[in-house]
Amino acid sequence: MRRPGFVPALPQPAWVVLSGDFISAVGSGLTLPLLFIYAHRIRDLSYGISGLVVAMIALASLIGNPLGGAMADRWSPRRALMLGLVINAAGAVALALARNEAELFGATAIVGLGASIIWPAQDALLASLTGSDQRSAVFSVRHWCLNAGLGIGSLGAAIVISVSQPGTFMAVYLADAASFLIYLPILARLRVPEGEPESPGQEQAGQEQAGQKQAGWRKVLRDSVLVRVWVLAAILMIVSFGQFNSSFQGFAARPGGIGTHGLALAEAANCVTVVLAQLFVLKGLGGRRRTTGLALAAVAWAISWVLVAIAGHLGGGGVALAGFIVAAVVFSIGECLMSPTLPAIINDIAPPGAAGRYNGLLAMAFTVGFLVGPASGGAALGAGWGAELFVVLAGICAAGAVGALWLGRFVPADANLIPAQEQGQSESVLEVESAPVG
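Residues numbered from 1 in each chain as written. Predicted model: local features only at pLDDT ≥ 70, side-chain atom pairs only at ≥ 80, totals over all residues. Heavy atoms only, no water.

Here the focus is unusual backbone geometry. Its identity as a non-glycine residue notwithstanding, D44 has a phi of 60°, on the positive side. One can find D44 in the loop between α2 (35-42) and α3 (47-75). Classification of D44 by relative accessible area gives exposed; the value is 63%. Backbone geometry places S76, a non-glycine residue, at a positive phi of 110°. Among the structural elements, S76 can be located in the loop between α3 and α4 (77-97). Taking relative accessible area as the criterion, S76 reaches 0% and is therefore assigned buried. (Helix = DSSP H or I, 4+ residues; strand = E, 2+ residues; numbered from the N terminus. Buried < 20%, exposed > 50% of the residue type's maximum accessible area, 1.4 Å probe, protein only.)

As structure tokens, this is what we get:
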């Protein structure tokens, strides 16, 4: 089947997994943006406790990220992903039924555990279904699916949810659970290409299983390239995603003077830009180093934060709103530049039998960003820093761009290339069977 030039040619099983990811992202979009409101307005928790309820998702992820990675290596990515989906669905049902503080904390811990197992397992599965020359493309499409699904889900929530009707919250949480369960039969019928292991290097699992159980993490953490990639990724996540989902919102809606309606427009512009630009950015990166793409992402985030600092001095109104929207759009370009780089590097440097652990550590870098970023940004804003915070963030991002170029000296050449896109047929393989794969 011929595809337009900007749509990557990927194996059919990869498209099947990506379709399931899109469905579950729609369910997450229905619920995640409203969790704080649900805890505070519907279940009558204080602002502080409601914030801790939301934070519990990230705290649980500190356990789930390495656990999901280890399970993907030991059981296979597909089985670990299926377990994560079941746990996440159970957490969504628990949220729908939760009535008090303890039940909400328990439910969000289950959601965080499930989601954090899903992430490394799904990335390892996608890596096992694609060759090295397709991994930048498959992770770009995954980022597109995530943003498109979250955007559609958020739009649906805006239409359906009403604080005056608590039942609408229960309905969307149950719909979220259904979106994860729908993904299960897709995975149960998924078939890896004949003769291929279900995870990179799994053919050695029988010989190395006992050794991996005792020394797997030690061997992983001795990989100096992985450690360098992880440190840079964690720093960049702290000053990018960790701030966009917290400090950007707090600064724009208060000192920036654009209000919650304007903030919603800026967030929507970010999501729409990713959906529109992701595949074009991927094509433009073809033939370049992945570390160069990561450096460009850091530059885009630095420019975004400079624009935020400027917009904060425009006194509110339409001009300030336009400034914050442009900043959100530039930030999304950085996202589009990041998605074909970090995950692909991680999966290409992973040795046989360790792809899950490598993906688990990358997921943990994002988790650290989502924990440290809001905490540090919130403290800075509370201390009276406004534009100054974003100038500092821009400086760190600029330093991160230099660090990404420096990282290119250590990443093996075959793991540091974004291949030019093929425009021919997508690989034809059997993607589903009537019986689950063992």
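Next, the rest of the story.
Let us now look at the packing of helix α9 (residues 224-239) against helix α13 (residues 290-311). Packed helices, taken two at a time, are described by their axes: the angle between them and the distance between them. Between α9 and α13, the shortest axis-to-axis distance is 11 Å and the interhelical angle comes to 25°. Relative to α13, the element α9 is oriented roughly parallel. For the crossing formed where α9 meets α13, the hand is left-handed. Together, L232, L236, M237 and V239 of α9 and L294, A298, W301 and W305 of α13 make up the contact between the two elements. Residue composition of the contact of α9 with α13, by class: eight nonpolar, no polar and no charged. (Axes fitted to C-alpha atoms, helices over the stretch in contact; angles between N-to-C directions. Parallel < 35°, antiparallel > 145°, perpendicular 65-115°, else oblique. Left-handed = near helix turned anticlockwise from the far one by under 90°. Contact = heavy atoms within 4.5 Å. Nonpolar A, V, L, I, M, F, W, Y, C, P; charged D, E, K, R; others polar.)

Turning our eyes to something else, we now look at the confidence of the model for the protein. In the predicted model, the protein carries a mean pLDDT of 88, and 89% of its residues have values of at least 70. Taken as a whole, residues 199-215 scores under 50 in pLDDT and shows 21 contacts with residues more than four places along the chain or in a different chain. In the predicted structure, residues 423-438 sits below a pLDDT of 50 and forms 45 contacts with residues beyond four places in sequence or in another chain. (pLDDT = per-residue confidence, 0-100.)

Before going further, it helps to spend a moment on a nonpolar patch on the surface. On the surface, V227, V231, I235, W385, V392 and I396 cluster together to form a nonpolar patch covering roughly 470 Å² of accessible area. Listed by contribution, the elements that provide at least two residues to the nonpolar patch are α9 and α17 (387-407). Tracing the backbone shows V392 in helix α17. (Patch = residues over 30% accessible without salt bridge, like charges linked within 9 Å, V, L, I, M, F, W, Y side chains within 5 Å. Areas by Shrake-Rupley, 256 points an atom, 1.4 Å probe, with all protein chains shown as cover. Salt bridge = Lys/Arg side-chain N within 4 Å of Asp/Glu carboxyl O.)

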